[in-house]
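Structural features, examined
This is what each chain is made of:
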Amino acid sequence: MNGVGSVRELEKETDKESPLHSMDGRIKLILLVFIVVYAVFSTQIMVMIFLEIYLIFLIYISHVSFKNSFTRVLLLLPFGGFIIAFQPFIHPGNIIWSGYFGIHITDAGLMWAALLMSRLIVALTSIVLLSSISPMQEVVQSFRKLGMPREISMILSLMIRFLFMFFDELHRIMHAQKARCFDAFNKKIPYKWRMKQLGYTVAMMFLRAYEQGETVYLSMASRGFSDESRLYHDRQRKIGSREYIFIGITLLLVACLQILATFLFHQWGWLGMYIL
Amino acid sequence: MAKTIIQTENMSFTYPDGTPALHDINIEIKEGERVAVIGSNGAGKSTLFAHFNGINKPTSGLIKIDGKPAVYEKKELLEIRQKVGIVFQNPDDQLFAPTVVEDVAFGPMNLGLSDDEVDERVEEALEMVGMSGLEKKAPHHLSGGQKKRVAIAGILAMRPEIMVLDEPTTGLDPEGVRQVMEILYILNRKDMSIIVASHDVEMVTEFADKIFVLHDGEIIGQGTTEEIFNDCETLYKAHLRPPKSAELLHLLKNGGFPVNIKLTVGEAYHEILHALGSHAYHNLLHLVKDDLHHKLLHSLGEDKYHELLHLLEENQRDITSS
């Protein structure tokens, strides 16, 4: 999936219709962030498993593609996975394997890495689900309704609007280059020259972005924009029974998990063990 | 008598980098007029328009909006910008909000209106341009014509008295052009003054009743559509061409035929019919492969067809004068 393709794919997902898609953006945002926060503060892998199952269930009822969702989770995993990979070697605990140069793996380190990995998977699944059931503009609107400062939400709105435009622009530049037989991976052409052309493309994108910024500011000014201007938000969407059901189920699940985590999970071996 | 809504007096403008853009501009636009500013690329049309709602400040000279010299203070600028709405050439420059509704609401929100008033204006503006039902759409999902109409709605929601459009038909297909022009005619019938910049002389011929010719930052000609397009010398100097029909009649005139210059295709046909006689006209229809007029000529007969052209001409005159 290239940049342009993945953005369009994501848009297709957010355009689908499901009970979760049609829900108020604020509720989706708060509850999914709540799941991430709960996952971060939980210390049992079993809790993560239940949370992940719940998220998979949400993906199922929102008709979002499993393949796309997990591909995106897998693509994002290496960012945190890199830090997790070191944990078995640096965390103090009972040594279960010793290697050359004093390298060893501890049991506590392994458990800690497993917990971090499960937390990361839950967090990424939540974020991927949120971005698949809420168009980007809805997420910004939700942040705005929840009190995000006007300037930041304005910047985010502009970013969303022009993100697609600049992807199109980049696409056009790449087409123009392809039409004249440019291939960045063509080994018959000097490496330095290919890098130079890619540099020109990036520079051109920066210049166009700068020019676009200037023109957009003029068009905003011509419609009376000032530092005192307010921002519009959709007031028609109200929180209804669907939202209350979603809130209820999620809170109930978390409450049940907390009770089970306190009284039951620790009896289930290493999956229910408290990892600190 | 209609009041003057925009007037400039010896207005000049030089960009901060020292590039002179406008020189000694003297124009007067009255309420309810349909005005076109024509000129080639780089003539200064967009720069001139940016003065109409206070984006650019003249380096020297004066611009009066609604009889009052423009004041470049925050409160006065907001008033000017509410009165004079500018639709930019490229709708992507204007549509910066992530959804249609947010973009159209942008102007009214800046005017400090209540939320209910904003909603009402957004609904009204979108309905006026035939874009109701697309409120939640993202601008990048719209066609070129739809983007243009949303851009117009964004200005209409501010309820301006004067609408300024920079190249309103550029990049649109014929259907898109028709829809945009229809909106402009409707707005003009509601007494809104419309000012367009264009080098599309065919569109300008149909639309404008007053034209300014801009070349290298100077007004080199102004007058009615007939006056401007009869003055080929000025047009060529501005790197423009007269409409095709006028060009054809100019050629005939220079070839010694007794014709007057007409600007629309219908009028030009009629003029040629008078000048050449029906036989030559009939041959001309064959030559230009005009099916519609040819069929009419055959089915009605020469006399009745001629009568029809007279009726159409009178009808056109009535529409223009009303």
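A few points on the structure. Worth saying up front: this structure is predicted, and the values here are computed from it rather than measured.

In the structure shown here, the tally under the stated rule is 8 aromatic pairs over all chains. Centroid distance Phe-66 of chain A to Phe-70 of chain A: 6.2 Å. Interplanar angle 0°. Geometry classified as stacked. You can see Phe-66 of chain A and its partner Phe-70 of chain A sitting in helix H4 (residues 66-90), 4 residues apart, about one turn around the helix. The class of Phe-66 of chain A is partly exposed, set by a relative accessible area of 34%. Looking at Arg-161 of chain A, its charged tip hangs above the ring of Phe-162 of chain A, at a distance of 5.3 Å from the centre. The cationic tip of Arg-34 of chain B hangs over the ring face of Phe-207 of chain B; the distance from NZ or CZ to the ring centre is 5.5 Å.

Here we come to helix H4 (residues 100-110) of chain B. Counting buried residues in H4 of chain B gives 11 out of 11 residues, a clear majority hidden from the surface. By the burial criterion, the buried members of H4 of chain B are Val-100, Val-101, Glu-102, Asp-103, Val-104, Ala-105, Phe-106, Gly-107, Pro-108, Met-109 and Asn-110 of chain B.

All names here are of chain A. Here 3 bridges tie strand E1 (residues 95-98) to strand E2 (residues 104-106), and the two strands are oriented antiparallel to one another. Counted as the bridge partner of Trp-97 is Ile-105 from E2. Hairpin connection of E1 to E2: 5 residues between the antiparallel strands, including Phe-101 at a positive phi of 55°.

This part covers the interface of chain B and chain A. Residue-level contacts link 37 residues of chain B with 35 residues of chain A. Carbon and sulfur atoms make up 53% of the area that chain B and chain A hide from each other, which totals about 3,100 Å². For the pair chain B and chain A, the interface holds 3 salt bridges. Among the salt bridges present, the one from Asp-103 of chain B reaches Arg-223 of chain A, with a minimum N-O distance of 2.8 Å. Across the contact surface, chain B and chain A share 11 residue pairs in polar contact (both at pLDDT 80 or more). Of all elements in the fold, only helix H2 (74-83), helix H3 (91-94), H4, helix H5 (115-128) and helix H6 (144-156) of chain B reach the threshold of two or more residues within the side of chain B that touches chain A. With 8 residues, H4 of chain B is the largest single contributor of residues to the side of chain B that touches chain A. A per-class count over the side of chain B that touches chain A returns 17 nonpolar, 10 polar and 10 charged.

The rules behind the values
Residues numbered from 1 in each chain as written. Chains lettered and ligands numbered in written order. Predicted model: local features only at pLDDT ≥ 70, side-chain atom pairs only at ≥ 80, totals over all residues. Heavy atoms only, no water. Phe/Tyr/Trp six-rings, centres within 6.5 Å; stacked < 30°, edge-to-face > 60°. Helix = DSSP H or I, 4+ residues; strand = E, 2+ residues; numbered from the N terminus. Buried < 20%, exposed > 50% of the residue type's maximum accessible area, 1.4 Å probe, protein only. Lys NZ or Arg CZ within 6 Å of the ring centre and 35° of its normal. Pairing = 2+ DSSP bridges. Contact = heavy atoms within 4.5 Å. Buried area = accessible area lost by both parts, 1.4 Å probe. Salt bridge = Lys/Arg side-chain N within 4 Å of Asp/Glu carboxyl O. Polar contact = N/O pair within 3.5 Å; in protein donor to acceptor, adjacent residues only side chain to side chain. Nonpolar A, V, L, I, M, F, W, Y, C, P; charged D, E, K, R; others polar.

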